[in-house]
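# Chains, contacts and geometry: an overview
Chain residues, written in single-letter form:
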Amino acid sequence: MSSAFLEHVNVTVSDPEATSKRLETWFGWKVRWKGASLGGGTTYHIGNETSYVAAYSPPGTTSKVAGDSYSQHGGLNHIAVVVDDIDATETLIKADGYSTHNHGDYEPGRRFYFYDDDGIEFEVVSYTK
């Protein structure tokens, strides 16, 4: 059997540049690429050497879809990011004015969740004890 890994996830956001700056601050990621994309929109690829988040915004304005993603087929429930220092990462996220929730400390690691400005839920996980 061949080996596989997730290269990227592509999400629609209201401001790809602002999303990029937050992900850089919180997770130490870098912009891998940015530029014009689908239908005259803008995309930023933010991540590391092996994976990234593509933050896409179409031309014009975007609107948030109402509803619970967990009850919609194809809904994006959350994006999980593994960090070495979960406490330091949570401090950065809270310093930017975001509230964290659903803290857990169970095998195989510690975790918490938060929503960004576009209502995208992130799970932050650490396997470091």
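The paragraphs below set out a description of the structure included in this document. (Residues numbered from 1 in each chain as written. Predicted model: local features only at pLDDT ≥ 70, side-chain atom pairs only at ≥ 80, totals over all residues. Heavy atoms only, no water.)

Let us now look at the sheet that holds strand E8 (residues 121–126). Within the open sheet, the four strands sit side by side as E5-E8-E7-E6. Their pairing is mixed. The open sheet has two free edges, formed respectively by strand E5 (79–82) and strand E6 (100–106), since each of these has just one partner strand. Pairwise comparison of adjacent strand axes, ignoring direction, gives a mean angle of 20 degrees for this sheet. By the bridge criterion, four bridges tie E5 to E8 in an arrangement that is parallel. Opposite Ile79, over in E8, you have Phe122 as the bridge partner. Running at roughly 10 degrees to strand E7 (residues 109–115), helix H2 (residues 86–95) makes contact with E6, E7 and E8 of the sheet. (Pairing = 2+ DSSP bridges. Helix = DSSP H or I, 4+ residues; strand = E, 2+ residues; numbered from the N terminus. Axes fitted to C-alpha atoms, helices over the stretch in contact; angles between N-to-C directions. Contact = heavy atoms within 4.5 Å.)

Let us now look at the nonpolar core. Counting 21 residues, the largest nonpolar core has Leu23, Phe27, Phe114, Phe122 and Val124 as its most contacted members. Those elements giving two or more residues to this core turn out to be helix H1 (16–27), strand E3 (41–47), strand E4 (52–57), E5, H2, E7 and E8. Top contributing element to this core by residue count: H1, with three residues. Each residue touching Val124, except ones within four places of it in the same chain, is listed here: Phe27, Val81, Val83, Ile86, Thr89, Ile93, Arg110, Arg111, Phe112 and Phe114. (Core = buried A, V, L, I, M, F, W, Y, C linked by side-chain atoms within 4.5 Å. Buried < 20%, exposed > 50% of the residue type's maximum accessible area, 1.4 Å probe, protein only.)

Before going further, it helps to spend a moment on the environment of Glu123. Of note, Glu123 is situated in strand E8. Sequence spacing of Glu123 and Ile79 is 44 residues, and the spatial spacing of their C-alpha atoms is 6.0 Å. Not counting residues within four places of it along the chain, the set of residues in contact with Glu123 comprises His78, Ile79, Ala80, Val81, Arg111, Phe112 and Tyr113. Among the polar contacts listed, one links the side chain of Glu123 to the side chain of Tyr113, at a separation of 3.4 Å. (Polar contact = N/O pair within 3.5 Å; in protein donor to acceptor, adjacent residues only side chain to side chain.)

Burial of E4 is extensive: six of the six residues sit out of reach of the surface. Burial along E4 is two-sided: Tyr52, Ala54 and Tyr56 facing one way and Val53, Ala55 and Ser57 facing the other are all buried. Where E3 and E4 come together, six bridges link them in antiparallel fashion. Note that in E4 the partner of Ile46 across the bridge is Val53. The loop that links E3 with its antiparallel partner E4 comprises four residues.

Further remarks concern the packing of H1 against H2. The N-to-C vectors of H1 and H2 enclose an angle of 145 degrees; their axes lie 9 Å apart at closest approach. Contacts from Thr25, Trp26 and Phe27 of H1 reach H2 at Thr89, Leu92 and Ile93. For the contact of H1 with H2, the per-class residue count stands at four nonpolar, two polar and no charged. (Nonpolar A, V, L, I, M, F, W, Y, C, P; charged D, E, K, R; others polar.)

Right, let's talk about the sheet that holds E3 for a bit. Across the sheet, which stays open at both edges, the four strands sit in the order E1-E4-E3-E2 with mixed pairing between neighbours. Of all strands in the sheet, those bounded by a partner on one side alone are strand E1 (8–12) and strand E2 (30–37). Each strand of the sheet is rotated relative to its neighbour by a mean of 20 degrees, with strand direction disregarded.

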